[in-house]
2 protein chains.
Amino acid sequence: MPVTLNTSDPDFEARFVRMLAGKREDATEVNDAVAMIIADVRARGDAALCEMTRRFDRLDLTPDRLRFSPDEIAAQVAKVGHEDRAALELAAERIRAYHAHQMPEDAEWTDRQGATLGWRWTPVSAAGLYVPGGQASYPSSVLMNAIPARVAGVERLVICVPTPGGVANPMVLLAAQLSGVDEIYRIGGAQAIAAMAYGTETIVAVDKITGPGNAYVAAAKRQVFGRVGIDMIAGPSEVLIIAAGDQHPDWLALDLLAQAEHDADAQSILITTDPGLGHAVAGVVDRILPTLSRARIAGASWRDHGTIIIVRDLDEAAALSNRIAPEHLELCVDDPESLAAQCVHAGAIFLGPYTPEAVGDYASGPNHVLPTARSARFSSGLSVMDFLKRTTIARLSPGALAAIGPAAMRLAAAEGLQAHGESIRQRLIRLNERPAP
Amino acid sequence: MPVTLNTSDPDFEARFVRMLAGKREDATEVNDAVAMIIADVRARGDAALCEMTRRFDRLDLTPDRLRFSPDEIAAQVAKVGHEDRAALELAAERIRAYHAHQMPEDAEWTDRQGATLGWRWTPVSAAGLYVPGGQASYPSSVLMNAIPARVAGVERLVICVPTPGGVANPMVLLAAQLSGVDEIYRIGGAQAIAAMAYGTETIVAVDKITGPGNAYVAAAKRQVFGRVGIDMIAGPSEVLIIAAGDQHPDWLALDLLAQAEHDADAQSILITTDPGLGHAVAGVVDRILPTLSRARIAGASWRDHGTIIIVRDLDEAAALSNRIAPEHLELCVDDPESLAAQCVHAGAIFLGPYTPEAVGDYASGPNHVLPTARSARFSSGLSVMDFLKRTTIARLSPGALAAIGPAAMRLAAAEGLQAHGESIRQRLIRLNERPAP
C-alpha cells in the first residue's frame, strides 16, 4: 500500500508538505565528466564522436558513417509492420493538426501618436532532437518533438539517436521520416548534444536542442544552454487523478499504473472525496501490479511515491492540485469542466472517464513533453512556440518621435545616459528646423 | 578607430567569424560563493538576509525593516519632480498598451472524431523582479519587467532592490508604484534571489524571477532555475545599424554611442554600403566621444568592440545581420520594411531615421529586455508570455476513444508499456458491452 493521507487528519499539512518536497531523483555528479566530453568534441570533432561511440555504444564508425544513409533508413523502415505504421501515421496526423492550431500571429498597428508597433514570429533556422537509445527509445517522443518544429517552419531538422551495438529502432526511424526530419546521426549521450551545439566536420551546428535523455544528456543540455536554446530539463513523470462519484476503480488503477511503469521515480497520486473508492483503487492496483511486464519498476514507483489523499470536497482537491502543479491531471468527476476551471497549475488536463492519460501520450494531439516537478507553476509543455522567436517592431513617424521623444530624453537623463538623450535631441532639433513631412 | 571590415577583402570571412566568436565577458567564477549564499538564506532566512545586507550594503536592518513601508515609499516618491513623473507615466502607459496586445487567447475545438482539444493560458501566481542598486538602478527596467507581469494577471508582484548605504532611488520606487508592485524589499545580490526562490520568515517565495543583475545575481538565477522560473541571463547589450542612402552621420554616431555608453563590454556595429558614410560616422563618434559624461565606458566599448563593415549591397547586409542575430537592429535605409523582412534573427527592429534605439529603451512600448549574444537565433525578448503558462486540454467522447484508442494501444505495445495499453483496452471493452452514449 502506498501512503494514504486524509485532509481531516491533524498531521495532514506536515505530511503533504513532506510529499511535495520529496526529491525523487539523485542529482548525479556528472557535470565534470560532461564538461570533458563537450571540450573533447569541440577540440576533435568527428574523431571524438567516433571514439566515444566505440566506447559507449560498442559501435565502430568512421565520420562518413555517422549519418544514416537514405538506403539504411529505407531498410529499417521496411521492417515496420502495416498496423504499427498506420498507428504512427494516425498519431502524426493528429499531433500535426493540434500543433497547427498553435501557430501565433504577427501583429502590427499604428497608435494615435503615429508609432507603428508590433511583432513578427520567425522560426529557428535549425533544430536538433535528441532521442535516447535502448529501452527508452520512444517513437512517440520523435513525433512529439519533431512535428512542432516542422509546423513552426524550422528549415533544418536533425536527430541524434544512439544505436547500441549497432541496433537501430525501425519505429524511431519511421517516426523521423513521417515527421520530415532531414538528417539522422547514430550518436548519443553528451557527445551528441555537444556535436549539435558546436558542430563538427560532418554535423553542422543547430540553434535549438530538444528531447529527453539520461543524466549525462540533461547535464550536457544545461552546459550548452546559451550557445543554443534548449527545451526544459524533464524530471520523472507524474500523474494526479481527481476522482469522485461513480468511477471504475480498475480504470483509475490502470491510469495510476501507466504512470508508475515509466520509471521507479515516477509518481502516481489519487485524490478522492470517497474513501471507499480510494480503498477499492488501491486494491485493484495491488492485484494488477504483479501481472505487469514492468512490475518491478511500477512496483517501486507505487511503493515509494504512490499516494492516495482523501479530501472533504472537490474545492479542497483543486486547492491541493494547485499546490502539486502536476504534469498530468486527470479529472474523473461528474462535471470535469467546472473542476478544470479551478485547477490553474497543470501541464495537461484530461477530462472525463474516456480520456485516459495514456491516449494523450500517443495520439490525442496535444504534446506529451510537459513540465514536471511542480514547474507547471511557471512553465508550459513543448509547443510550436519553442521553435519560434518573436522580433518586436517599431517605426516612429517624425510626429511620434516629437510626441514620445521628450519623455525618453527625461528618463535617459535620470539614468545618466547622455548619448541616449542626445540621439533623440539631435533628431528633434532637425524636426523643428523644417515642417514635419 | 574601431575595426573596419569590408566584405570585398579576402580575409573578411575569417575576421567576421573572429568578431562573432569574441567573448565580451569573463565567466567570473562566482558559482561557489553564490551556492553558499543560497544555502545560508535557506538555512537561516531573515537573519542571513540582514547579516549580508549589513556586510554588502553597509545597512543595518532587522527583519521587520526588510520591506519598505507605505510611508517610506510615499516619502521617496514625493521627491520625484513633476516632469520626471510625467515621463515615467507616459512610458508606463505606452508599455502597458503594447503588452496588452500580446495577451494570447485560449482555444478549444472538437474534431471529427469527437475529441475536444485546446489549451488555456493562466498567469504565474507570484513573480519577483530584481532591480540592481547604485548606478545600474534603472527605473525603466522596473517598468519593462513589472508591467508585463501585471498585464499577464500575476496576482502578487515583488521587487528586491538593494539600497547601498540606505540610499533609495525615488524614481525606481515611483516606477514600482506605477507598475502596481505589491511588496518592495531593500535587499540585493544573490541573497535576494535566494529569498525570492525559497522564501524566508518575512518574504513568501515566488514562482518566477526576472530582471537584470551583476555576475552574482546571474549565477544565483541559474542556480535557482527549476525551483522557480527565470527569464534569460542577459549578456552585454549590442546594436547593429544598417545604413544606406542619405543618412545623418551624427544621428548614426549618437546611436552607436548610446549603445557603447551602457557598458565597456557593449558592442556597436555599423554596416553600410557607403564607405564614405562609414568614414563620416567614425569621425563624428571620435568627435563626440570625449564630450560624454561616460566617455571612459563608451570609449572602451567603441575601441574594443566597435565595428564598421562595408558591404556591396543590402542583401549582403541582411545576411550578415542574420549571422550576428543582434539584440537591437536599426534600419536606416530608404525602404526599411523590405530590409526588415530579410532580417529574420533580431530581438527588436527599429525602422527608419526617426526611431532611434534610445526611444525604444524607454517609451516606444515594446520591451527593452531582449536576447543578447546571438541568442535572438532561438529566443525572444521579455513579454507577457514570460508570466503565463499554457495548460493543454483534452476531452475524448467514447466515440473518440474508440477511434483513436487502438492506435495508442499499438504504440504503447511497441514501446513496451503494458499498463498504458491496458488502461485504454479496459475502457474499449466496456464501450463494446453497451451502446455508446
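Residues numbered from 1 in each chain as written. Chains lettered and ligands numbered in written order. Predicted model: local features only at pLDDT ≥ 70, side-chain atom pairs only at ≥ 80, totals over all residues. Heavy atoms only, no water.

Describing the side chain of His420 of chain A
One can find His420 of chain A in helix α17 (residues 418-433). For His420 of chain A, a relative accessible area of 0% translates into the label buried. For His420 of chain A, the side chain forms a polar contact with the side chain of His262 of chain B, separated by 3.1 Å. In contact with His420 of chain A, other than residues within four places in its own chain, are Ala412 of chain A together with Ala258, Glu261, His262, Ala358, Asp361 and Tyr362 of chain B. (Helix = DSSP H or I, 4+ residues; strand = E, 2+ residues; numbered from the N terminus. Buried < 20%, exposed > 50% of the residue type's maximum accessible area, 1.4 Å probe, protein only. Polar contact = N/O pair within 3.5 Å; in protein donor to acceptor, adjacent residues only side chain to side chain. Contact = heavy atoms within 4.5 Å.)

Examining the interface of chain A and chain B
Taken together, the 116 residues of chain A in the interface contact 116 residues of chain B. Carbon and sulfur atoms make up 57% of the area that chain A and chain B hide from each other, which totals about 10,100 Å². The tally of links between chain A and chain B comes to 14 salt bridges. One salt bridge in this structure joins Asp111 of chain B and Arg94 of chain A, with 2.7 Å as the shortest N-O distance. Ranked by the residues each element gives to the side of chain A that touches chain B, the list is headed by helix α16 (residues 398-414) of chain A, at 11 residues. Counted by class, the side of chain A that touches chain B contains 61 nonpolar, 30 polar and 25 charged residues. Here strand β13 (residues 348-351) of chain A runs beside strand β14 (residues 388-396) of chain B; their pairing, made up of three bridges, is parallel. In the sheet register, Phe350 of chain A faces β14 of chain B, and the bridge partner there is Ala394 of chain B. (Buried area = accessible area lost by both parts, 1.4 Å probe. Salt bridge = Lys/Arg side-chain N within 4 Å of Asp/Glu carboxyl O. Nonpolar A, V, L, I, M, F, W, Y, C, P; charged D, E, K, R; others polar. Pairing = 2+ DSSP bridges.)

Considerations on the relation of the copies chain A and chain B
Superposition of chain A onto chain B requires a rotation of 180 degrees combined with a translation of 0.0 Å along the rotation axis, giving an RMSD of 0.0 Å. Both copies are brought into coincidence by an operation consistent with a two-fold rotation axis. Relative to the rotation axis, the closest C-alpha in chain A is found at Pro104 of chain A, a distance of 4.2 Å. (Least-squares fit on C-alpha atoms with pLDDT ≥ 70 in both.)

Things to note about the sheet that holds β13 of chain A
Read across the sheet, nine strands follow the order β1(A)-β11(A)-β10(A)-β9(A)-β12(A)-β13(A)-β14(B)-β3(B)-β2(B) without closing on themselves; strand pairing throughout is mixed. The outermost strands of the open sheet, each flanked by one partner alone, are β1 (3-6) of chain A together with β2 (107-110) of chain B. For this sheet, the mean angle separating the axes of adjacent strands, direction not counted, is 15 degrees. Judged from the four bridges that link them, strand β10 (residues 267-272) of chain A and strand β11 (residues 307-310) of chain A form a sheet pairing that is parallel. Note that in β11 of chain A the partner of Thr272 of chain A across the bridge is Ile310 of chain A. Those strands touched by helix α13 (residues 314-324) of chain A are β9 (238-243), β10, β11 and β12 (328-332) of chain A, and its axis lies near 170 degrees from that of β9 of chain A. Where helix α16 (residues 398-414) of chain B meets the sheet, its contacts fall on β3 (115-123) and β14 of chain B, and the angle it forms with β14 of chain B comes to roughly 95 degrees. (Axes fitted to C-alpha atoms, helices over the stretch in contact; angles between N-to-C directions.)

Section: the UniProt feature "binding site: Zn(2+)" (unreviewed entry) in chain A
Residue and element names in this part refer to chain A. The positions UniProt marks with the feature "binding site: Zn(2+)" (unreviewed entry) are Gln259, His262, Asp361 and His420. Across 162 residues in sequence, these annotated residues place their C-alpha atoms as far as 56.0 Å from one another, rather than forming a single compact spot. By the secondary structure assignment, His262 is in the loop between α10 (249-260) and β10. Classification of His262 as partly exposed rests on a relative accessible area of 22%. (UniProt positions renumbered as here; feature names shortened; annotations may be inferred.)

Some remarks on helix α2 (residues 31-44) of chain B
Residue and element names in this part refer to chain B. Taking 1.5 Å per residue as the helical rise, α2 with its 14 residues ought to reach 20 Å, and the 20 Å between its terminal C-alpha atoms agrees with that figure. Listed in full, the buried residues belonging to α2 are Val34, Ile37, Ile38 and Val41. Seen from one end, α2 has its buried residues packed into an arc of 95 degrees, which puts them on one side. With respect to the buried face of α2, the exposed residues turned more than 90 degrees away are Asp32, Met36 and Ala43. Those residues of α2 hidden inside the fold are in contact with α3 (46-57), α8 (189-198) and α9 (215-224). (Expected span 1.5 Å × (residues − 1). Arc of directions from axis to C-beta.)

Some details on the packing of helix α4 (residues 70-77) of chain B against helix α7 (residues 170-179) of chain B
All names here are of chain B. At their nearest, the axes of α4 and α7 sit 8 Å apart, and the two run at 115 degrees to each other. Two packed elements cross with a definite hand, and for α4 against α7 that hand is left-handed. Of the residues in α7, those in contact with Ile73, Gln76 and Val77 of α4 are Pro170, Leu173, Leu174 and Gln177. Here the residues of the contact of α4 with α7 sort into five nonpolar, two polar and no charged. (Left-handed = near helix turned anticlockwise from the far one by under 90°.)

Side note on the pairing of strand β5 (residues 156-160) of chain A
All names here are of chain A. Counting buried positions along β5 gives five out of five residues, so the element sits mostly inside the fold. Residues Arg156, Val158 and Cys160 of β5 are buried on one face, and the alternating residues Leu157 and Ile159, pointing to the opposite face, are buried as well. The pairing of strand β4 (residues 126-130) with β5 spans five bridges and is classified as parallel. Its bridge partner being in β5, Gly128 is matched across the sheet by Val158. Judged from the three bridges that link them, β5 and strand β6 (residues 183-185) form a sheet pairing that is parallel. Considered in β6, the bridge of Cys160 is made with Tyr185. With helix α7 (residues 170-179) bridging β5 and the parallel β6, this β-α-β connection has right-handed handedness. (Right-handed = clockwise from strand over helix to strand, strands pointing away.)

A word on unusual backbone geometry
Residues and elements named next belong to chain B. A positive phi is found at Ala373, a non-glycine position, where the angle reads about 55 degrees. Tracing the backbone through its elements, the reader meets Ala373 in the loop between α15 (357-362) and β14. Exposure remark for Ala373: the relative accessible area of 47% places this residue in the partly exposed category. A positive phi is found at Arg374, a non-glycine position, where the angle reads about 70 degrees. Mapped onto the elements of the fold, Arg374 is located in the loop between α15 and β14. Among the residues examined, Arg374 registers a relative accessible area of 24% and is labelled partly exposed.

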